[in-house]
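Tertiary structure, described
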There are 2 protein chains.
Amino acid sequence: MSVPPPELPARSSTRLDSYVDRYAARTKGMTASEIRALFSVASRPEVVSLAGGMPNISGLPLDVVGGAISDLVADHGATAMQYGSGQGDPVLREQICDVMRLEGIEAHPDDVVVTVGSQQAVDLVTRIFCDPGDVVICEAPSYVGALGVFRAYECDVVHVEMDADGMVPEALRQAIAHVQAAGRTIKFVYTIPNFHNPAGVTLSAERRTEILQICREADVLVLEDNPYGLLGFEGEPIRAMRADEAEGVIYLGSFSKTFAPGFRVGWALAPHAVREKLVLAQESATLCPPSFSQMAVSAYLRTHDWQGQVKQFREMYRDRRDAMIEALDDLMPATARWNVPAGGFYVWLTLPDGLDAKAMLPRAVTARVAYVPGTAFFADGFGAQSMRLSYCYPTPERIREGVRRLVGVIEDELELRQTFGTVADVVARGYEGPQSDLT
Amino acid sequence: MSVPPPELPARSSTRLDSYVDRYAARTKGMTASEIRALFSVASRPEVVSLAGGMPNISGLPLDVVGGAISDLVADHGATAMQYGSGQGDPVLREQICDVMRLEGIEAHPDDVVVTVGSQQAVDLVTRIFCDPGDVVICEAPSYVGALGVFRAYECDVVHVEMDADGMVPEALRQAIAHVQAAGRTIKFVYTIPNFHNPAGVTLSAERRTEILQICREADVLVLEDNPYGLLGFEGEPIRAMRADEAEGVIYLGSFSKTFAPGFRVGWALAPHAVREKLVLAQESATLCPPSFSQMAVSAYLRTHDWQGQVKQFREMYRDRRDAMIEALDDLMPATARWNVPAGGFYVWLTLPDGLDAKAMLPRAVTARVAYVPGTAFFADGFGAQSMRLSYCYPTPERIREGVRRLVGVIEDELELRQTFGTVADVVARGYEGPQSDLT
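Everything in this summary refers to the structure shown in the same document. (Residues numbered from 1 in each chain as written. Chains lettered and ligands numbered in written order. Predicted model: local features only at pLDDT ≥ 70, side-chain atom pairs only at ≥ 80, totals over all residues. Heavy atoms only, no water.)

A word on the interface of chain A and chain B. With 104 residues of chain A in contact, the opposing surface of chain B contributes 103 residues. Run the count over chain A and chain B and you get four salt bridges. With a closest N to O distance of 2.9 Å, A:Arg22 and B:Asp219 form a salt bridge. The interface formed by chain A and chain B holds 34 residue pairs in polar contact (both at pLDDT 80 or more) in total. In terms of residue count, the dominant contributor to the side of chain A that touches chain B is helix 2 (residues 62-80) of chain A (10 residues). Considered class by class, the residues forming the side of chain A that touches chain B number 57 nonpolar, 26 polar and 21 charged. (Contact = heavy atoms within 4.5 Å. Salt bridge = Lys/Arg side-chain N within 4 Å of Asp/Glu carboxyl O. Polar contact = N/O pair within 3.5 Å; in protein donor to acceptor, adjacent residues only side chain to side chain. Helix = DSSP H or I, 4+ residues; strand = E, 2+ residues; numbered from the N terminus. Nonpolar A, V, L, I, M, F, W, Y, C, P; charged D, E, K, R; others polar.)

As structure tokens, then:
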């Protein structure tokens, strides 16, 4: 090592960030995810976190997984630890087709692109389709991670109403007509049809047909994001939209919830020309997805009764859903409203009128319970009266305790409102004191 | 599973790609990498490929690696297979600081961002800094993977001359002055200072100081990409540029060549504010890099004499460099020119005047040898007379055979040129016959 050279003159700067003028325009849309900022607080052990969407993988047989991976290194280590194809491991892509067949999809491995989790699939699809100012249609609410991507690519998001059966077709029809009449370009409709994150609802079979029809007629692409499809508690999965429309649907899948998230293995199934561009985008982004992760997932699928494992997961998540719904039924004020999800991880709860989930969050954390305020799931500022409650990770006892604490916070808020009125009332009365904890 | 619904009317389209009008503007810059398109041909076993940059990992002790990973699953499987931090595993980030210290860098783990290979680090840095039309200054030639990223973000690349000691400071000074005088914005200078891919040269210590000074005075960021720094054949590594300039340098590192590529683990070391934006960009792109990969690399660093392994790699790569240089010295026509790299994977060879490496490639492949034409490493069409030769992967015997075949092709080309003249001569004479193999 050569000696350090003479000291260079110090950069003089009075700014905290000397690069503040230099960032790309797209970084204006890159703000800290509300969820991830919350996590550092919510992960303290004394807090019951109903905020995170971490799958509960404690049931995975570590000895079996360890053995499969150990054999992988011994028998195929040189390949598993080498660069691979930008499109992803060919054996895994065949296995992915087998997985998709469970939801009615017939596909060719050549139309599958492996991605670093399905989050990366959303990123790459948006990268190849969306210019700044393009419109993306989403459900109301929608998945925070996808909203973050659309924002990072400077898209405008238009939210479309959902009810207990998912996206409302007439609302979609109107939204498309409205946007197209304004001369704007809709690049795709982004939907999470099964056990929606965060709303918990599932798009009915009839609506899937209707929505595909609407999108065909409007010549709009559908981006179908399906991480939870195999995690239903009642009966068989509904046919994927992609099962009935190949050219007009890009389908995204993931092993994060059916196996484990730590390998970051997801995929996109796309029409051939789109697939080619996705591969180019992947090669630019990473050269290739991790070979080791892919071959580990592949080995797991091949050597373990992975569907039996998913069945165990389903039963575990159903118990947790039951614990949450029971606690809500027992304890939550009747003026709050919530759905009963038939699968997946989430309950979407709307507070009694006049309450604000975002404003309430600091008091909830003080009471040692965390949730995600509904505003995180809208691009347009809506959602303040709602929150996402996750039951996927804590034990049933902790879930019940978390609901108990949350109810305590809500009852305090209701009392406060009774005494002082809502924010609107307060403002209307001309109150001039500190309002920082009401905004 | 519900029965399939009635058949929807077929999409009528006379185009191969029904999305051809819909892609984002940035996809115009996304073209197939010349290298990766070549790989499918070059990887046929009868071809001696001097094209690829795959590290030779056959020396890795698979039993040791397998054991470390097996223990990882048994002892920390629930963490290794779970979502992790968007910034990357904190233990690994500390270990990365230890690795960087070997090249003189003192850094805090909090300023490290783990990425999916250093390719992703280039992608994320470009994403947060570059608007379409921004200028990026690169060496001439430069790394094809980085050029692809800059093109994907619609940057304009300005190449700056190199010689045997790397980038020429006066050429950099002039390029910066020229670009700034034209009112254009230079977002960073991208450099591969050690055992350059593809040129093989190393930026001297004196030039590192001079270039840092030039960039400070011009207020231009330096992006220092250093995958090969520990793979020198002679003595200690030269101090990294980042070792002498913290605010003005973003440093990229990788385990792909010092351990193995298949985990896709690299990193960026950046000033704090930049690091924050890189983490946001990562969370948008992938949520988080693969926990399993990171913990596998971490376990390897902790349980194995990884530096002793790198020493073995260096000796193996030196033997291969020697085989290539010997063969070139013995066989190659004296009118060709090439460097003798002091580390890394590559020799940069310039053909005798009048020859075109890109035009010659089909004939080389027919003769069962592959290389990468120099044009792949320029954004501006230059490089036709040069080629990159990789010695990292084949055995010394295969390297010698590859050079022998290549020399045969070159001698045939020289003869052809003698008989018919160069392309320029032919065109000048008004030749109107097929020229497809000369373009």
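There is more to say after this.
Bringing the packing of helix 4 (residues 117-129) of chain A against helix 5 (residues 144-152) of chain A into the picture now. Residue and element names in this part refer to chain A. Following both chains from N to C, one finds helix 4 and helix 5 inclined at 25°, their axes separated by 10 Å at the closest point. By the criterion of interaxial angle, the relationship of helix 4 to helix 5 is roughly parallel. For the element pair helix 4 and helix 5, the recorded crossing hand is right-handed. Residues Gln119, Val122, Asp123 and Thr126 of helix 4 form the contact with helix 5, whose own contacting residues are Gly145, Ala146, Val149 and Phe150. (Axes fitted to C-alpha atoms, helices over the stretch in contact; angles between N-to-C directions. Parallel < 35°, antiparallel > 145°, perpendicular 65-115°, else oblique. Left-handed = near helix turned anticlockwise from the far one by under 90°.)

This brings us to empty space enclosed by the protein. Under the counting rule described, the total for this entry stands at four cavities of 30 Å³ or more. Size it by volume and the largest cavity reaches roughly 100 Å³. For the largest cavity, the full set of lining residues is B:Val99, B:Glu103, B:Asn226, B:Pro227, B:Gly229, B:Leu230, B:Tyr251, B:Ser254, B:Phe255, B:Thr258, B:Trp267 and B:Trp306. Class assignment for the residues of the lining of the largest cavity results in seven nonpolar, four polar and one charged. Its volume calculated, the second largest cavity comes out at about 80 Å³. Lining the second largest cavity are 13 residues, and of these A:Val99, A:Glu103, A:Asn226, A:Leu230 and A:Trp267 lie nearest its centre. Taken together, the elements giving at least two residues each to the lining of the second largest cavity come down to helix 3 (90-101) and strand 8 (249-254) of chain A. Among the residues forming the lining of the second largest cavity, the class breakdown is seven nonpolar, five polar and one charged. (1 Å grid on protein atoms, 1.4 Å probe; cavity = no way out; pocket = protein on both sides within 12 Å on 5 of 7 lines; lining within 4 Å. Points joined across faces, edges and corners; volume = space filled by probe spheres on them.)

As a further point, take the sheet that holds strand 5 (residues 166-167) of chain B. Residues and elements named next belong to chain B. A sheet is described by the order of its strands in space; here eight strands give the open sequence 2-9-8-7-6-3-4-5, paired in mixed fashion. The strands lining the two open edges of the sheet, one partner per strand, are strand 2 (112-115) and strand 5. In this sheet, strand 8 (residues 249-254) lies alongside strand 7 (residues 221-225) in parallel orientation, the contact comprising four bridges. Opposite Asp225, over in strand 8, you have Leu252 as the bridge partner. On the sheet, helix 3 (residues 90-101) packs against strand 2, strand 8 and strand 9 (266-269) and is oriented at approximately 105° with respect to strand 2. Strands strand 3 (135-140), strand 4 (156-163), strand 5 and strand 6 (186-191) of the sheet are contacted by helix 6 (residues 169-181), whose axis makes an angle of about 160° with strand 4. (Pairing = 2+ DSSP bridges.)

For the rest of this paragraph, the subject is the relation of the copies chain A and chain B. Put simply, the second copy of the chain is the first one after a rotation about an axis and a shift along it. For these two chains of identical sequence, chain A goes onto chain B by a turn of 180° and a shift of 0.0 Å along the axis, with RMSD 0.1 Å. The relationship between the two copies is best expressed as a two-fold rotation axis. Rotation axis and chain A: the residue whose C-alpha lies nearest the axis is A:Ser70, separated from it by 2.8 Å. A share of 99% of the interface residues of chain A reappears at the interface of chain B, consistent with the copies meeting face to face through the same patch. (Least-squares fit on C-alpha atoms with pLDDT ≥ 70 in both.)

Time to look at the nonpolar core. By size, the foremost hydrophobic cluster in this structure holds 254 residues, and its most contacted members are A:Phe129, A:Phe150, A:Tyr190, B:Phe129, B:Phe150 and B:Tyr190. Those residues in contact with B:Phe129 that lie beyond four places of it in its chain are A:Tyr19, A:Arg22, A:Tyr23, A:Ala24, B:Asp134, B:Lys187, B:Phe188, B:Leu221, B:Ile250 and B:Val274. (Core = buried A, V, L, I, M, F, W, Y, C linked by side-chain atoms within 4.5 Å. Buried < 20%, exposed > 50% of the residue type's maximum accessible area, 1.4 Å probe, protein only.)

Another point: the pattern of salt bridges. Inspection of the entire model under this criterion finds 42 salt bridges over all chains. The partner of A:Arg127 in a salt bridge is A:Asp123, and the shortest N-O contact between them spans 3.6 Å. Highlighted residues: A:Arg127 and A:Asp123, both in helix 4, separated by four residues, approximately one helical turn. Here the two residues A:Arg127 and A:Asp123 agree in accessibility, since each one is buried. Ionic pairing is found between B:Asp322 and B:Arg321, a salt bridge with its closest N-O pair at 3.0 Å. With a relative accessible area of 30%, B:Asp322 lands in the partly exposed category.

This part is about the environment of A:Pro55. Relative to the assigned elements, A:Pro55 resides in the loop between strand 1 (48-49) and helix 2. A residue is classified by how much of its surface remains accessible, and A:Pro55, at 1% relative accessible area, is buried. For the pair formed by A:Pro55 and A:Leu221, sequence separation is 166 residues and the distance between their alpha carbons is 30 Å. Setting aside residues up to four positions removed in sequence, A:Pro55 forms contacts with A:Ser256, A:Lys257, A:Pro261, A:Tyr317, A:Phe345, A:Tyr393, B:Gln82 and B:Tyr83.

Attention shifts here to the packing of aromatic side chains. Applying the stated rule across the entire model yields 29 aromatic pairs over all chains. An angle of 40° between the planes, with centres 6.5 Å apart, marks the rings of A:Trp348 and A:Phe378 as tilted. One end of the pair, A:Trp348, is in strand 11 (residues 346-350); the other, A:Phe378, is in the loop between strand 13 (372-373) and strand 14 (386-390), and 30 residues separate them in sequence. With relative accessibility at 15%, the residue A:Phe378 sits in the buried group. An aromatic cluster is built from A:Phe259, A:Phe263, A:Phe292, A:Tyr300, B:Phe259, B:Phe263, B:Phe292 and B:Tyr300, whose rings are joined through pairwise contacts. The ring of B:Tyr23 has A:Lys277 sitting right over it, with the charged end atom 4.6 Å from the ring centre. (Phe/Tyr/Trp six-rings, centres within 6.5 Å; stacked < 30°, edge-to-face > 60°. Lys NZ or Arg CZ within 6 Å of the ring centre and 35° of its normal.)

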